[in-house]
Amino acid sequence: GVIYVEPMLAVNLLKGFGISYQDSFKTVAEAIDQANKDFGIEARILLVLLRHKGPEVCLREVNEVLELNPRYLVGVGLAGDEVNFPGRLFKDSYRVVEKAGLGRTAHSGEWSGPDSMRETIDTLGVTRLGHGVLCFSDEKLMRELANNKIHCEVCPGSNISLGVFKSFDQHPLRIMYDAGISLSLNSDDPPFFGTSMLKEYQNAVEHFNFNASDLLKVTRYGIEASFAEPALKEKLLKKIA
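Residues numbered from 1 in each chain as written. Predicted model: local features only at pLDDT ≥ 70, side-chain atom pairs only at ≥ 80, totals over all residues. Heavy atoms only, no water.

1. A look at the pattern of salt bridges
Thinking step 1. Evaluation of the coordinates by the stated rule reveals 14 salt bridges.
Thinking step 2. Between Arg 95 and Asp 92 there is a salt bridge, with the nearest N and O atoms lying 2.9 Å from each other. Separated by 3 residues within a single helix, Arg 95 and Asp 92 lie in helix 4 (residues 91-99), roughly one turn from each other.
Thinking step 3. Residue classification places Asp 92 among the partly exposed residues on the basis of a relative accessible area of 41%. (Salt bridge = Lys/Arg side-chain N within 4 Å of Asp/Glu carboxyl O. Helix = DSSP H or I, 4+ residues; strand = E, 2+ residues; numbered from the N terminus. Buried < 20%, exposed > 50% of the residue type's maximum accessible area, 1.4 Å probe, protein only.)

Written out as structure tokens, the structure is:
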């Protein structure tokens, strides 16, 4: 039932296995074409930078990837150890990304708190946060996220598996949604966490009392916050309408 996907591609990690940046993007782009042909699924690619590689490596990677101008690349994300590698270290990379006109997101608020989230937003200029779930401890921050339309890519199954929260009862998905924060349901790393998009939507119903109207709103939030081109967003919004 998925209609749009933004897979996060860690080409630096794949390069360690002997796969070039060019081949990584080419293969995923071909898979996107095949998924669209066979299932009608649309997809665009996010380059994900790995914090623990350090800011110099990430900046070099961004420049090298942009030189390739990969098909379907629409944005850049930042993953990994957010505690020891805060967002401000990567502002040079994100300045290049902004200049290139690509979307910007970054993991924040999974293992680090509200101050780190604010820093990530302020220094990297992101319009989305990967996870963002620790915002629930700061009502002012939740209002800021809602008012400034900073979108949170929430992954409840992943958060439970990694012990960010011990159970769905402790997870703040419902609190964030009721606070008016733009958020989407995501599978993070499906094979690693034993989940899927369908399962995450089912969990929202079973554990957070979401109804069909809530799920439609979450889907709309996700499309509106996506880095897809305007024509594709319009097409997707019409599809769910």
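Read on for the rest.
2. Description of the pairing of strand 7 (residues 128-131)
Thinking step 1. In this sheet, strand 7 lies alongside strand 6 (residues 103-108) in parallel orientation, the contact comprising 4 bridges. Along strand 7, the bridge assignment pairs Ala 106 with Leu 129.
Thinking step 2. One ladder, built from 3 bridges, connects strand 7 with strand 8 (residues 151-154); its direction is parallel. For Gly 130, the partnering residue across the bridge sits in strand 8 and is Glu 153.
Thinking step 3. For the handedness criterion, the β-α-β arrangement of strand 7, helix 6 (residues 139-147) and strand 8 is classed as right-handed. (Pairing = 2+ DSSP bridges. Right-handed = clockwise from strand over helix to strand, strands pointing away.)

3. With respect to the packing of aromatic side chains
Each pair of aromatic rings is reported with the distance of its centres and the angle of its planes.
Thinking step 1. According to the stated counting rule, one finds 4 aromatic pairs in the structure shown.
Thinking step 2. Where Tyr 177 meets Phe 210, the ring centres are 4.8 Å apart and the plane angle is 45 degrees; that geometry is what we call tilted. Of the two residues, Tyr 177 sits in helix 8 (residues 173-178) while Phe 210 sits in the loop between helix 10 (197-208) and helix 11 (212-225), which places them 33 residues apart along the sequence. Like Tyr 177, the residue Phe 210 is buried in the burial classification.
Thinking step 3. In this structure, Lys 15 packs its charged tip against the face of Tyr 21, placed 4.8 Å from the ring centre.
Thinking step 4. The ring of Phe 227 has Arg 128 lying over it, and the distance from NZ or CZ to the ring centre is 4.0 Å. (Phe/Tyr/Trp six-rings, centres within 6.5 Å; stacked < 30°, edge-to-face > 60°. Lys NZ or Arg CZ within 6 Å of the ring centre and 35° of its normal.)

4. Structural notes on the packing of helix 10 against helix 11
Thinking step 1. The contact between helix 10 and helix 11 brings their axes to 11 Å, and the two run at 135 degrees. Our classification of the angle between helix 10 and helix 11 gives oblique. For helix 10 against helix 11, the interelement crossing comes out right-handed. Across the interface between the two elements, Tyr 201, Ala 204 and Val 205 from helix 10 touch Leu 215, Val 218 and Thr 219 from helix 11.
Thinking step 2. For the contact of helix 10 with helix 11, a count of residues per class yields 5 nonpolar, 1 polar and no charged. (Axes fitted to C-alpha atoms, helices over the stretch in contact; angles between N-to-C directions. Parallel < 35°, antiparallel > 145°, perpendicular 65-115°, else oblique. Left-handed = near helix turned anticlockwise from the far one by under 90°. Contact = heavy atoms within 4.5 Å. Nonpolar A, V, L, I, M, F, W, Y, C, P; charged D, E, K, R; others polar.)

5. Some thoughts on the side chain of Ser 226
Thinking step 1. Note that Ser 226 resides in the loop between helix 11 and helix 12 (230-240).
Thinking step 2. Residue classification places Ser 226 among the buried residues on the basis of a relative accessible area of 4%.
Thinking step 3. A distance of 2.8 Å separates a polar side-chain atom of Ser 226 from the backbone oxygen of Ile 223.
Thinking step 4. At 3.4 Å, the side chain of Ser 226 and the backbone nitrogen of Ala 228 are in polar contact.
Thinking step 5. Setting aside chain neighbours within four positions, we find Ser 226 in contact with Tyr 4, Glu 6, Arg 128 and Lys 233. (Polar contact = N/O pair within 3.5 Å; in protein donor to acceptor, adjacent residues only side chain to side chain.)

6. Brief notes about a nonpolar patch on the surface
Thinking step 1. Judged by side-chain polarity, Val 83, Trp 111, Leu 162 and Phe 192 come together as a nonpolar surface patch covering roughly 440 Å² of accessible area.
Thinking step 2. Its place among the elements puts Trp 111 in the loop between strand 6 and helix 5 (114-124).
Thinking step 3. Owing to a relative accessible area of 44%, Trp 111 belongs among the partly exposed residues under this scheme. (Patch = residues over 30% accessible without salt bridge, like charges linked within 9 Å, V, L, I, M, F, W, Y side chains within 5 Å. Areas by Shrake-Rupley, 256 points an atom, 1.4 Å probe, with all protein chains shown as cover.)

7. Re the nonpolar core
Thinking step 1. Counting 49 residues, the largest nonpolar core has Tyr 94 and Leu 145 as the members making the most contacts within it.
Thinking step 2. Contact partners of Leu 145, with chain neighbours within four places excluded, come to Met 117, Ile 121, Leu 129, Cys 135, Ile 150, Cys 152 and Ile 181.
Thinking step 3. Grouped together as the second largest cluster of nonpolar side chains are 7 residues, Ile 3, Leu 232, Leu 236 and Ile 240 included. (Core = buried A, V, L, I, M, F, W, Y, C linked by side-chain atoms within 4.5 Å.)

8. Comments concerning the packing of helix 11 against helix 12
Thinking step 1. The contact between helix 11 and helix 12 brings their axes to 10 Å, and the two run at 170 degrees. Of the possible angle classes, the one that applies to helix 11 and helix 12 is roughly antiparallel. Between helix 11 and helix 12, the contacting residues are Leu 216, Thr 219, Arg 220, Ile 223 and Glu 224 on the first element and Lys 233, Leu 236, Leu 237 and Ile 240 on the second.
Thinking step 2. Taken together, the residues of the contact of helix 11 with helix 12 break down into 5 nonpolar, 1 polar and 3 charged.

9. Some points on the environment of Gly 132
Thinking step 1. Looking at the secondary structure, you find Gly 132 in the loop between strand 7 and helix 6.
Thinking step 2. Judged by its relative accessible area of 0%, Gly 132 falls in the buried class.
Thinking step 3. As a C-alpha pair, Gly 132 and Arg 44 span 88 residues in sequence and 22 Å in three-dimensional space.
Thinking step 4. With residues up to four places along the chain from it excluded, the contact list for Gly 132 reads Ser 108, Gly 109, Met 117, Cys 152 and Met 176.

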